[in-house]
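# What the coordinates show
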Amino acid sequence: MNYGSTAVLLLILAVAVLFATVAAVIAFGLARWEGAAIPAALSRSGVAFAAALTLCLAILTFLGR
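Residue positions are counted from 1 within each chain, in the order its sequence is given. Residue-level local features of this predicted model are given only where pLDDT is at least 70; pairs of side-chain atoms are given and counted only at 80 or more, and the full residue set underlies all totals for whole chains, interfaces and linings. Side-chain figures throughout are based on the complete set of non-hydrogen atoms in the structure, without hydrogens or water.

Its 29 residues give helix α1 (residues 6-34) an end-to-end C-alpha distance of 42 Å, which sits within 8% of 42 Å, the value for a rise of 1.5 Å per residue. Secondary structure elements follow DSSP: runs of H or I no shorter than four residues count as helices, runs of E no shorter than two count as strands, and numbering proceeds from the N terminus. Of the residues one or two after α1, Gly35 is the one with positive phi, at around 105°. Here the expected length of a helix is defined as 1.5 Å per residue gap, with one fewer gap than residues.

Okay, structure coming up:
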């Protein structure tokens, strides 16, 4: 797949960030539902965001080669 176009690259990055944000919001909601304090829930959502974004970018890097 050719990612030469700047618009396509920005669109793909925006989708990856959106997916990671949704994963972080879900992780925050589940942590609060479990009874975790807000700082602990934020920590879990940060870990989920980082993991999802890393996974998305690793897959895009693999597909780009």
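Back to the text.
On to the nonpolar core. Core analysis: the biggest nonpolar cluster contains five residues, these being Ala16, Ala20, Ala52, Leu53 and Cys56. The set of elements that each furnish at least two residues to this core consists of α1 and α2 (38-64). Among the elements that make up this core, the one with the highest residue count is α2 (three residues). Any two residues whose heavy atoms approach within 4.5 Å at even a single point are treated as in contact. Not counting the four nearest positions on each side in its chain, Ala20 is found in contact with Phe49, Ala52 and Leu53. To form a nonpolar core, buried Ala, Val, Leu, Ile, Met, Phe, Trp, Tyr and Cys residues must be joined to one another through side-chain atoms within 4.5 Å. Accessible area is worked out with a 1.4 Å probe on protein chains only. A residue is then buried under 20% of its type maximum, exposed over 50%, and partly exposed in between.

What follows concerns the pattern of salt bridges. Here, a salt bridge means any side-chain nitrogen of Lys or Arg that lies within 4 Å of a carboxyl oxygen of Asp or Glu. If you walk through the whole model with that rule in mind, you get one salt bridge. Here Glu34 ties to Arg44 by a salt bridge, and the two come within 2.6 Å at their closest N and O atoms. Within this pair, whereas Glu34 is found in helix α1, its partner Arg44 is found in helix α2, the two being separated by ten residues in sequence.

Look at the UniProt record and you will see "transmembrane region" (unreviewed entry) annotated at residues 7-30 and 42-63. Helix makes up 100% of residues 7-30 and strand 0%, whereas the separation of the span's terminal C-alpha atoms amounts to 35 Å. Overall, residues 42-63 shows 100% helix and 0% strand. The separation of its end C-alpha atoms is 31 Å. UniProt positions are given in the numbering used here, feature names are shortened, and annotations may be inferred rather than shown by experiment.

For the rest of this paragraph, the subject is a nonpolar patch on the surface. Each patch groups residues whose relative accessible area exceeds 30% and which form no salt bridge, using 9 Å between like charges and 5 Å between nonpolar side chains of Val, Leu, Ile, Met, Phe, Trp and Tyr. The accessible surface values rely on the Shrake-Rupley method and a 1.4 Å probe; as for residues, cover is taken only from the protein chains in view. Together, Leu18, Val22, Ile26, Leu30 and Trp33 make up an exposed nonpolar region whose accessible area comes to about 590 Å². Relative to the helices and strands, Leu18 resides in helix α1. You can call Leu18 exposed: its relative accessible area is 56%.

All right, on to α2 then. Since the α-helix packs 3.6 residues into each turn, any two residues three or four apart lie on the same face. Here α2 spans 38 Å end to end across 27 residues, near enough to the 39 Å set by a 1.5 Å rise per residue. Three or more residues of α2 are buried, namely Ala41, Ser45, Ala48, Ala52, Leu53 and Cys56.

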